[in-house]
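# Architecture and fold: a report
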Amino acid sequence: MSTIYIVSKLFTYLVLPPGIFIVMFLLASLYAKKFKAIFFLFAIGFYLLSNSYVADWLLKPLEKPYNHKLDINKKADAIIVLGGGSVAGSANLPLANDAYKRAIWGLMIAKQTNLPLYFSGAGTYKQYTEAEAFMDSINEVKNNLGVDNISLHVETKSLDTYQNAKFSKQMFLSKGIEKPTIYLVTSAYHMKRSIKLYKHFGFNIIPAATGFKISNKPKTYWSYLPNIWAFNKSYTALHEYAGLLSLKLRGIK
């Protein structure tokens, strides 16, 4: 292992965020005249959230139940893909990373099952909605990879997962389907909350998760150092737990 490689790794983990914040909080805990304990707790908290082991531990209960091969032979009425963000002004494939994986996985299921594919999501940027980004991305894929004859439908009003489920149900009721069975496509970390909401609105769910963030690749000693990727995974997991708690407080089981 070369010296340049080691130095570059240490720079990434300790000089760039969040590592630099941990170092600053540790220094403050040693040299500040007041609040030393608080600065130390901040350093510990940032370190834990930026640690790959802790991040995977937080995500595991959310992802593991859905990390299995999908049975595409189950009887269903449609496929619903949930929005996950977009990048307005992108030269190509304007869906954000998670959203793009959802869209492609939904398209693959639709091709194998010949079921209609629904997209649910508008987002808050009205000049270029997630639904528009979805259609632009899917059309690029269809035109370049020869994926044709798929029935596509979009829902363009929802701003969150609750509204995804609510407006999806309205689409099916307009077609005379009161209790639809669907392949629900979203990121693995987002699936548990999505299932609760779609069941709340009377859907039968076949989970079709994608975008897994936990890798079974063996960790190394570098995994003990803080990194932004682990911090992002921790943030994602905590966001989902907060969302699940909000459902419980609203009486949605």
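Residues numbered from 1 in each chain as written. Predicted model: local features only at pLDDT ≥ 70, side-chain atom pairs only at ≥ 80, totals over all residues. Heavy atoms only, no water.

With 7 of 7 residues buried, strand β4 (residues 181-187) is to be regarded as a mostly interior element. As defined by bridge partners, strand β1 (residues 78-82) adjoins β4 across 4 bridges and the pair is classed as parallel. By the bridge assignment, Ile-80 is partnered in β4 with Leu-184. For β4 and strand β5 (residues 204-210), the ladder comprises 7 bridges, and the chain directions are parallel. Bridging across to β5, Thr-186 finds its partner in Ala-209. Between β4 and its parallel partner β5, the chain crosses via helix α8 (residues 188-200), and the hand of that crossover is right-handed. (Buried < 20%, exposed > 50% of the residue type's maximum accessible area, 1.4 Å probe, protein only. Helix = DSSP H or I, 4+ residues; strand = E, 2+ residues; numbered from the N terminus. Pairing = 2+ DSSP bridges. Right-handed = clockwise from strand over helix to strand, strands pointing away.)

Now for the packing of aromatic side chains. Here the structure, examined in full by the defined rule, presents 14 aromatic pairs. Here the aromatic rings of Tyr-5 and Trp-222 are separated by 6.4 Å at their centres, their planes lie at 85°, and the arrangement is edge-to-face. Separated by 217 residues along the polypeptide, Tyr-5 in helix α1 (residues 3-15) and Trp-222 in the loop between β5 and α9 (228-249) bring together distant segments of the chain. Given a relative accessible area of 12%, Trp-222 falls into the buried group. With a centroid separation of 5.3 Å and an interplanar angle of 20°, the aromatic rings of Phe-25 and Phe-42 are classed as stacked. Of this pair, Phe-25 sits in helix α2 (residues 19-31) while Phe-42 sits in helix α3 (residues 36-49); the two residues are 17 residues apart in sequence, bridging distant segments of the chain. A connected cluster of aromatic rings, assembled from ring pairs, spans Phe-21, Phe-25, Phe-39, Phe-42, Phe-46 and Phe-231. We note Arg-250 situated over the ring of Tyr-162; from NZ or CZ to the ring centre the distance is 4.7 Å. (Phe/Tyr/Trp six-rings, centres within 6.5 Å; stacked < 30°, edge-to-face > 60°. Lys NZ or Arg CZ within 6 Å of the ring centre and 35° of its normal.)

It is worth spelling out a nonpolar patch on the surface at this point. A cluster of nonpolar residues, Tyr-5, Ile-6, Leu-10, Phe-11, Leu-14, Val-15, Leu-16, Val-23, Leu-27, Leu-30 and Tyr-31, forms a patch on the protein surface that exposes about 970 Å² of accessible area. Breaking the nonpolar patch down by element, the ones donating at least two residues are α1 and α2. Ranked by residue count, the leading element in the nonpolar patch is α1, at 6 residues. The residue Tyr-31 is located in helix α2 in this model. (Patch = residues over 30% accessible without salt bridge, like charges linked within 9 Å, V, L, I, M, F, W, Y side chains within 5 Å. Areas by Shrake-Rupley, 256 points an atom, 1.4 Å probe, with all protein chains shown as cover. Salt bridge = Lys/Arg side-chain N within 4 Å of Asp/Glu carboxyl O.)

A word on the nonpolar core. Membership of the largest hydrophobic core comes to 24 residues, with the highest contact counts inside it found for Ile-79, Ile-109, Leu-117, Phe-134 and Tyr-183. Mapped by element, the contributors of at least two residues to this core are β1, α5 (97-113), β2 (117-120), α6 (130-145), β4 and β5. Those residues within four positions of Phe-134 in sequence are excluded, and the remaining contacts are Leu-95, Ala-103, Leu-117, Phe-119, Leu-152 and Val-154. (Core = buried A, V, L, I, M, F, W, Y, C linked by side-chain atoms within 4.5 Å. Contact = heavy atoms within 4.5 Å.)

With that settled, consider the side chain of Glu-155. Within the fold, Glu-155 resides in strand β3 (residues 152-155). In this structure Glu-155 is buried but unpaired, with Lys-157 as the nearest side chain of opposite charge at 6.3 Å. Sequence-distant contacts of Glu-155, defined by excluding residues within four places in its chain, comprise Phe-119, Ser-120, Gly-121, Ala-131, Asn-164, Phe-167 and Met-171. (Lys, Arg positive; Asp, Glu negative; His and termini not counted.)

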